[in-house]
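# Close look at the chain arrangement
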Amino acid sequence: MTERSVVFVGAGPGDPRLITVRGKEMLERADLVLYAGSLVSPALLDWCGDGCRRVDSASLDLDTQIDLMVEAAEAGQRVVRLHTGDPSLYGAIAEQIALLRRRGVAVSVVPGVSSFQAAAARLSIEYTIPGGTQTVICSRRKGRTPVPDGESLDRLAAHGSTLVLFLSSGQAQAVVDDLLAGGRDGATPAACVYRATWPDERIIRTSLADLPRAMEEAAIENHALLIVGECLLPPEGRSRLYDGAFSHGFRPARPGHE
Ligand code: SAH
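Residues numbered from 1 in each chain as written. Predicted model: local features only at pLDDT ≥ 70, side-chain atom pairs only at ≥ 80, totals over all residues. Heavy atoms only, no water.

### A few points about the sheet that holds strand β1 (residues 5-10)
Two orientations exist for strands paired in a sheet by backbone hydrogen bonds: parallel and antiparallel. Put simply, the rule is: Only when DSSP finds a minimum of two bridges between them are two strands counted as paired. The helix count covers DSSP runs of H or I at least four residues long, the strand count covers runs of E at least two residues long, and both are numbered beginning at the N terminus. Structural elements are reduced to axes, namely lines fitted to C-alpha atoms, with helices fitted over the stretch in contact, and the angle between N-to-C directions of any two is expressed from 0 to 180 degrees. We call two residues in contact whenever any of their non-hydrogen atoms come within 4.5 Å of each other.
Taken in spatial order, the five strands of this open sheet run β3-β2-β4-β1-β5, and their pairing is parallel. At either margin of the open sheet sits one strand with a lone partner, and together these are β3 (53-56) and β5 (106-110). Here the average twist between neighbouring strands, direction ignored, is 20°. Inspection of the sheet shows β1 paired to strand β4 (residues 79-83) by five bridges, in the parallel sense. Bridging from a neighbouring strand, F8 pairs with R81 of β4. Running at roughly 165° to strand β2 (residues 32-35), helix α2 (residues 62-74) makes contact with β1, β2, β3 and β4 of the sheet.

### Regarding the site of the ligand
Which entries qualify depends on this criterion: Note on terminology: near, applied to a residue and a molecule or strand, indicates that one of the residue's heavy atoms is within 4 Å of it. Pairing of N or O atoms within 3.5 Å defines a polar contact, subject to two protein rules: one partner must be a possible hydrogen donor and the other a possible acceptor, and residues neighboring in sequence count only if both atoms are side-chain atoms. Exposure was quantified through the Shrake-Rupley algorithm and a 1.4 Å probe, taking into account, for residues, occlusion by the shown protein chains and nothing else. Under this grouping Gly is polar, as are all residues other than the nonpolar Ala, Val, Leu, Ile, Met, Phe, Trp, Tyr, Cys and Pro and the charged Asp, Glu, Lys and Arg.
As a matter of local geometry, the ligand sits amid 17 residues, with L89, S114, S115, A196 and A224 nearest to it. A distance of 2.7 Å separates a nitrogen atom of the ligand from a polar atom in the backbone of L89. Within the side chain of S114, one N or O atom sits 2.8 Å away from an oxygen atom of the ligand. Relative to its unbound accessible area of 540 Å², the ligand is 94% covered by the protein chains. Residues that form the shell around the ligand fall into these classes: 10 nonpolar, five polar and two charged.

### Thoughts on the nonpolar core
Test applied: Buried Ala, Val, Leu, Ile, Met, Phe, Trp, Tyr and Cys residues that are joined via side-chain atoms within 4.5 Å together make up what is termed a nonpolar core. Relative accessibility under 20% of the residue-type maximum defines a buried residue, over 50% an exposed one, and the middle range a partly exposed one, all with a 1.4 Å probe and only protein chains included.
If you look at the biggest cluster of nonpolar residues, it comprises 23 residues, and the most contacted ones within it are L179, C192, I204, L211, M215, I220 and L226. Secondary-structure elements contributing two or more residues to this core are α5 (153-157), β7 (162-166), α6 (172-181), β8 (189-194), α7 (211-217) and β10 (224-228). The element best represented in this core is α6, accounting for four residues. Dropping the residues within four chain positions of it, L211 is found in contact with V176, A190, A191, C192, T206 and L226.

### As for the pattern of salt bridges
Proximity of charged atoms lets side chains of opposite charge pair with each other. In plain terms, the rule: Salt bridges are defined as contacts in which a side-chain nitrogen from Lys or Arg sits within 4 Å of a carboxyl oxygen from Asp or Glu.
Inspection of every chain in the model, using the stated rule, returns 12 salt bridges. Across the pair D15 and R17 runs a salt bridge whose closest N-O atoms are separated by 2.8 Å. Look at D15 and you get buried, because its relative accessible area is 14%. Its salt-bridge partner being E25, residue R29 comes within 3.7 Å of it at the nearest N-O pair. Residue R29 and its partner E25 are both found in helix α1 (residues 21-29); the two are separated by four residues, about one turn of the helix. Among the charged side chains, a network of salt bridges with common partners joins R22, E25 and R29.

### Comments concerning the side chain of T162
By secondary structure assignment, the location of T162 is in strand β7. Owing to a relative accessible area of 0%, T162 belongs among the buried residues under this scheme. Only 2.7 Å separates the side chain of T162 from the backbone oxygen of Y127, close enough to count as a polar contact. Once you skip the residues sitting within four places of it in the chain, T162 turns out to touch Y127, T133, T135, V136, I137, V228 and C231.

### As for the environment of Q96
Summarising the element assignment, Q96 is placed in helix α3 (residues 93-102). Look at Q96 and you get buried, because its relative accessible area is 3%. Setting aside residues up to four positions removed in sequence, Q96 forms contacts with F8, L62, Q65, I66, M69, R81, H83 and G91. Only 3.2 Å separates the side chain of Q96 from the backbone oxygen of A92, close enough to count as a polar contact.

Here you go:
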């Protein structure tokens, strides 16, 4: 019998075609798929075989989910835990992994396309700017879940980097207040991407100061990312990467341009 194991699979941001080939293979072979019903497209479950048991985790507490996965793994079944986006971000997989290991079940992870990557694609932007910020901060505003003091939004704002905020669209005004207090200019470009790559996706592009008003007008409160930074400006001129004056690993600078 194969080793008792559970595979965590990143489902991607919404569009079922954005799961990886490896993730799709895992669904095709699975005997049990435990998925987060509200966030994972039901169309993904069409990849599962006829005999596969599909269980929505939404109504199950953590212990029940673990029991279900352990029992199936112990019976030699192939178990998939399907998580939205990429499991490495706000997936709460660490607690599941600890409990599964404690019960003698091995785990592995198949990555997925995160919503923050899907949002960049839908906006056709690059979070890092040639000649500008080289940093993307993915974070969230504190809510019912705390955030360490050193990571409060006003402190993160001070870097002037690209900011991508998860789980914060229900408190847009507080986000903006924090970022202004941290020194970001109200005119900084900002965007809200609601349900990136789903059929009802919506995208707002505005300024930081105007973001709460624009989101209220669009009645967006959850399932959205907030993106702030100069990366949202239309690309101007040539990027330094392709500028003859700039040398990089594959192309020496043109003589006279060093
Ligand atoms: N692991 C996921 C994030 C889970 S936390 C990932 O990698 O994307 C859930 C939060 O992610 C939501 O509150 C929202 O802020 C964001 N999110 C997830 N899917 C999204 C989507 N398709 N469009 C916009 N935001 C999304």
